[in-house]
Amino acid sequence: MSAIVSAEEMEEIVEGFQKVDVDGNGYITACELSSLFREVGFTMPGFKIRELLKKLDKDNDSRISMEEFTAIYRELKDDKVAEGFKKALNKKEGIVNIGGTSEISSAGTQHSISEQERFAFANYINSSLEKDPDCEHVLPINPETEALFKAVADGIILCKLINLSVPDTIDERTINKKKLTPFTTQENLNLALNSASAIGCQVVNIGAQDLKEGKPHLVLGLLWQIIKIGLFADIELSRNEAIAALLEEGESLEELMKLSPEELLLRWANFHLKKAGMSISNFSGDIKDSKAYFHLLEQIAPDGSKEDVPRIEIDMTGLYEKDLTKRAELVLKQADRLGCRQFVTATDIVSGNSKLNMAFVATLFNKYPALTKPEDQDWNLISETREERTFRNWMNSLGVSPHVHHIYGDLQDAMVILQLYEKIKVPVDWECKVNRPPFKGGAGLLKKMENCNYAVKLGKDKAGFSLVGIGGQDLYDGNSTLTLALVWQLMRRYTLNILENLGDGEVAGDDLIISWVNKTLADAGKSSSIKSFKDKTIGTSMPVLDLIDAIQPDSVNFELVQTGSLSDEDKLNNAKYAISMARKIGAKVYALPEDLVEINPKMVMTIFACLMGRGMKKA
């Protein structure tokens, strides 16, 4: 787990796993692993493969999961096979080796980038931002060159993409757009990175300097995270109730809600393909011949039954083209008629690029879901609350695995919670106390419960959390109030850890933060002050904006700030400006503008704590 494998290594491992997993099913078979060894010129005898599997395939299902692959990768790291092993990972079609490191990586680390991804993301940016006057200095980006990596260097494109994926994340007024200097460019990149983190992107390995230099593997990784969040935003039941049409016989609504966007996309594609007598199990090998795409397009194309949506008849003659690349080009021509020709080229389809093909299918879903909510169902879907979304984004930004889509279901086995303990420097005994997935049958349920009990015990005994009335059963059952009580304490401790060396040995807490805030405001000649994190003046955002200006003088344009008798809209506009400005000066704020307007004391505390951390760094 994270105690053993560095973030840099983990990035490499995930990348390698996806390339070796040729069928995209989330597992590597003995056959796939054997083929990989042969490719590197190291023919491993069958009994050796079996020995390796026996040692590392902990659940004895003859399949290697991501966790098991991590163990293999680590074991090979210093072995004579390792160098060839890495070369094989990078020999896959469309992969180019590059030298380059982030600030925390060791010199000379080799990374690989996908030319297909560079091409796809450049075209996506061109089409999405072509009418934005703030981007005309870099658009259009030539997808055939490395222009993409230079285009993101001033931060404007990244800020715009973040707002495309999650509208209103960044207050446009805070983006520096004209006559950029190294300092104002740095501010834009701070704003982009901290805002990306706030929407759930993992940016722990990426610094502003990496983006200024246009390091390809880091740029592509960040772009994919931002784009993916936008593509998947509506692929969940609470945002699109028609997804309930995908319920299978005997399946509950709760079970459907637990599926990830990737799983829902596959379910959706098969829902329509079933009408053509087809099914697929992945977006790599199963779509290479384009047949599934032809039939999917035929099923979702408008039939003219809705007003103002003319019928589009898909030309299926391309199915009979024998050349797979030409057939893929023909299916893309049909997708173009639906306005959905994005992310993939014919080569991407034939080579089975799972990432880009998934993005293509998500585009189809978002424009033509072709689903009808079942009329005979009676349910009351509860949308994700703002607090739940903030916690979920915080967890994902730290790189927990698996990715958290639905906060209660994805915390049920406590694996994510245990990773969060490590993030707050509470040691976890992974070898002796933690049961690892997969969790199968009744025994699996007991193992999940044991993990939950251990997570609560760690909180009480090691972290010193207040967990009165909270037991492992509550985490397992997904009790929202009690689960969030634990998650909040984890987030609070994580936030306060940035202040652990401050205050002359004082334990960082509410009183220390409030005292520092008021002293900093007074020293800067500001009239604002706060008595607590419930202070009514916080609803105007003035104490936050004054503090930002005290930390970085003349950074706030007070002409944009509403004062006097404020309407709810005025307060929200001030709050949007304040949150974006905090991120712009380098504070990693997860709270939302509404938290300021409503004076949510928990989130208000994190804002001031992050600003204090930023201010003390300056000192």
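Scroll up for the structure.
Residues numbered from 1 in each chain as written. Predicted model: local features only at pLDDT ≥ 70, side-chain atom pairs only at ≥ 80, totals over all residues. Heavy atoms only, no water.

Brief notes about the overall build of the protein chain
Okay, step 1: Along its length, the protein chain carries 29 helices and 4 strands.
Okay, step 2: Across the 619 residues in the protein chain, those meeting the buried criterion constitute 53%.
Okay, step 3: Considering only contacts within the protein chain whose residues lie at least 6 apart along the sequence, 60% involve residues at least 24 apart.
Okay, step 4: Accessible area for the protein chain stands at about 28,500 Å²; split by element, carbon and sulfur atoms hold 49% of it. (Helix = DSSP H or I, 4+ residues; strand = E, 2+ residues; numbered from the N terminus. Buried < 20%, exposed > 50% of the residue type's maximum accessible area, 1.4 Å probe, protein only. Contact = heavy atoms within 4.5 Å. Areas by Shrake-Rupley, 256 points an atom, 1.4 Å probe, with all protein chains shown as cover.)

So, the pattern of salt bridges
Okay, step 1: Enumeration according to the criterion identifies 26 salt bridges in this entry.
Okay, step 2: The closest approach of N and O atoms between Glu-598 and Arg-386, which form a salt bridge, is 2.6 Å. Of this pair, Glu-598 sits in the loop between helix 28 (593-597) and helix 29 (601-618) while Arg-386 is found in helix 18 (residues 386-397), placing the two residues 212 residues apart along the sequence.
Okay, step 3: The closest approach of N and O atoms between Asp-461 and Lys-457, which form a salt bridge, is 2.8 Å. Note that Asp-461 and Lys-457 are positioned in helix 22 (residues 441-461) at a spacing of 4 residues, about one turn of the helix.
Okay, step 4: On the accessibility criterion, Lys-457 (49% relative accessible area) is partly exposed.
Okay, step 5: A single network of salt bridges, built from pairs that share partners, joins Asp-132, Asp-134, Lys-160, Glu-172 and Lys-177. (Salt bridge = Lys/Arg side-chain N within 4 Å of Asp/Glu carboxyl O.)

Structural notes on helix 15 (residues 324-337)
Okay, step 1: Look at helix 15: 20 Å from first C-alpha to last across 14 residues, which is about the 20 Å you get at 1.5 Å a residue.
Okay, step 2: Of the residues making up helix 15, those classed as buried are Arg-327, Ala-328, Val-331, Leu-332, Gln-334 and Ala-335. Angular distribution of buried residues about the axis of helix 15 spans 155°; they occupy a single face of the element.
Okay, step 3: The inward-facing, buried residues of helix 15 abut helix 14 (291-300), helix 16 (346-351) and helix 17 (354-367).
Okay, step 4: Looking at where helix 15 begins, the residue whose side-chain oxygen comes 3.0 Å from the main-chain nitrogen of Thr-325 is Asp-323.
Okay, step 5: Just downstream of helix 15, Gly-339 is the residue with a positive phi angle, here 75°. (Expected span 1.5 Å × (residues − 1). Arc of directions from axis to C-beta. Polar contact = N/O pair within 3.5 Å; in protein donor to acceptor, adjacent residues only side chain to side chain.)

Regarding helix 14
Okay, step 1: With 7 of its 10 residues buried, helix 14 lies for the most part within the structure.
Okay, step 2: If you check which residues of helix 14 are buried, you get Ala-292, Tyr-293, Phe-294, His-295, Leu-296, Leu-297 and Ile-300.
Okay, step 3: Contacts made by the buried residues of helix 14 are with helix 13 (261-273), helix 15, helix 16 and helix 17.

Notes on the packing of aromatic side chains
Any pair of aromatic rings gets described here by the distance separating the centres and the angle formed by the planes.
Okay, step 1: What the rule picks out here adds up to 7 aromatic pairs.
Okay, step 2: Seen from their ring centres, Phe-533 and Phe-608 are 6.1 Å apart, and the 20° between their planes marks the pair as stacked. Separated by 75 residues along the polypeptide, Phe-533 in the loop between helix 25 (510-523) and helix 26 (542-551) and Phe-608 in helix 29 bring together distant segments of the chain.
Okay, step 3: Classification of Phe-608 as buried rests on a relative accessible area of 0%. (Phe/Tyr/Trp six-rings, centres within 6.5 Å; stacked < 30°, edge-to-face > 60°.)

Here's the deal with the packing of helix 13 against helix 14
Okay, step 1: Taken N-terminus to C-terminus, the directions of helix 13 and helix 14 make an angle of 80°; their axes are 9 Å apart at the nearest point. Our classification of the angle between helix 13 and helix 14 gives roughly perpendicular. Between helix 13, through Trp-268, Ala-269, His-272 and Leu-273, and helix 14, the contact on the second element is made entirely by Ala-292, His-295, Leu-296, Gln-299 and Ile-300.
Okay, step 2: Class assignment for the residues of the contact of helix 13 with helix 14 results in 6 nonpolar, 3 polar and no charged. (Axes fitted to C-alpha atoms, helices over the stretch in contact; angles between N-to-C directions. Parallel < 35°, antiparallel > 145°, perpendicular 65-115°, else oblique. Nonpolar A, V, L, I, M, F, W, Y, C, P; charged D, E, K, R; others polar.)

Re the side chain of Arg-118
Okay, step 1: By secondary structure assignment, the location of Arg-118 is in helix 6 (residues 115-129).
Okay, step 2: Buried charge Arg-118 goes without a salt bridge, the closest partner of opposite sign being Glu-115 at 4.3 Å. (Lys, Arg positive; Asp, Glu negative; His and termini not counted.)

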